[in-house]
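In case you want the letters, here they are:
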Amino acid sequence: GFVPGLFGTSHGALQFMAYEDLKERYNKYRNRVSDTKLNTVEYIMMAAVSKIFAVVATYPYQVVRARLQDQHNTYSGVFDVIHRTWR
């Protein structure tokens, strides 16, 4: 599970990237400067949407990692886990 565990570090990066992109697009839509501060509701919405994006993008790796770490099953590697999970 070490190699898939390394992939997990991308979760925060994806969330931050999505948040910044959403904020920039939203401010452009509202005809505001791109670094304009959001109000509380806007901040919560941007944070929630970016978190959902990051979870959807990285959740499959968590399944693979957890199955590799499971001591009750034997897998020959990451691709075996993916193949067996897909089946």
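Cut-off values and rules
Residues numbered from 1 in each chain as written. Predicted model: local features only at pLDDT ≥ 70, side-chain atom pairs only at ≥ 80, totals over all residues. Heavy atoms only, no water. Helix = DSSP H or I, 4+ residues; strand = E, 2+ residues; numbered from the N terminus. Rg over C-alpha atoms; globule rule 2.2 N^0.38 Å. Buried < 20%, exposed > 50% of the residue type's maximum accessible area, 1.4 Å probe, protein only. Contact = heavy atoms within 4.5 Å. Lys, Arg positive; Asp, Glu negative; His and termini not counted. Charge placed at Lys NZ, Arg CZ, Asp CG, Glu CD. Salt bridge = Lys/Arg side-chain N within 4 Å of Asp/Glu carboxyl O. UniProt positions renumbered as here; feature names shortened; annotations may be inferred. Phe/Tyr/Trp six-rings, centres within 6.5 Å; stacked < 30°, edge-to-face > 60°.

Undergrad: Honestly, the overall build of the chain in this entry has me stumped. Any pointers?
TA: For the chain, the helix and strand inventory stands at 4 helices and 0 strands. The globule rule puts the C-alpha radius of gyration for 87 residues at 12 Å, and the 18 Å found for the chain is more than 25% above it. On the principal axes, the C-alpha backbone points of the chain span a range of 55 × 25 × 20 Å. By the burial criterion, 20% of the 87 residues in the chain qualify as buried. At a minimum sequence separation of 6, the contacts of the chain that also span at least 24 residues come to 52%. Averaging the coordinates of the 11 positive side-chain charges in the chain and doing the same for the 7 negative ones gives two points 4 Å apart.

Undergrad: Any chance you could explain the pattern of salt bridges here in plain terms?
TA: Two side chains of opposite charge can pair, provided their charged atoms sit close to one another. If you walk through the whole model with that rule in mind, you get 5 salt bridges. Between Glu 42 and Arg 30 there is a salt bridge; the shortest N-O distance is 3.8 Å. In this pair, Glu 42 is assigned in helix H3 (residues 40–69) and Arg 30 in the loop between helix H2 (10–29) and H3, connecting sequence segments 12 residues apart. By relative accessible area, which is 9% here, Glu 42 ends up buried. Note that Glu 42 is salt-bridged to Arg 32, the shortest N-O span being 3.4 Å. Pair noted here: Glu 42 is in helix H3 and Arg 32 is in the loop between H2 and H3, with a separation of 10 residues, a long-range link.

Undergrad: Help me understand unusual backbone geometry in this model?
TA: Across residues other than glycine, the phi torsion is negative in most instances, and most of the peptide bonds are trans. One non-glycine residue, Asn 31, adopts positive backbone phi at about 55°. Relative to the helices and strands, Asn 31 is located in the loop between H2 and H3. Taking the relative accessible area as the measure of exposure, Asn 31 reaches 72% and is therefore exposed.

Undergrad: Please explain the UniProt feature "repeat: Solcar" (unreviewed entry) in the chain as it appears in this structure.
TA: Those places that UniProt annotates as "repeat: Solcar" (unreviewed entry) correspond, in this numbering, to residues 38–87. For residues 38–87, helix accounts for 78% and strand for 0%, while the C-alpha atoms at its two ends are 45 Å apart.

Undergrad: What am I meant to see in the packing of aromatic side chains here?
TA: Given two aromatic rings, one states the distance between the centres and the angle between the planes to describe the pair. One pass over the structure, following the stated rule, counts 1 aromatic pair. Consider the rings of Tyr 19 and Tyr 43, whose centres lie 6.1 Å apart with planes at 75°: the pair is edge-to-face. Here the residue Tyr 19 occupies a position in helix H2, and Tyr 43 occupies one in helix H3, the gap between them amounting to 24 residues. For Tyr 19, a relative accessible area of 15% corresponds to the buried category. Note on Tyr 43: relative accessible area 46%, which makes it partly exposed.

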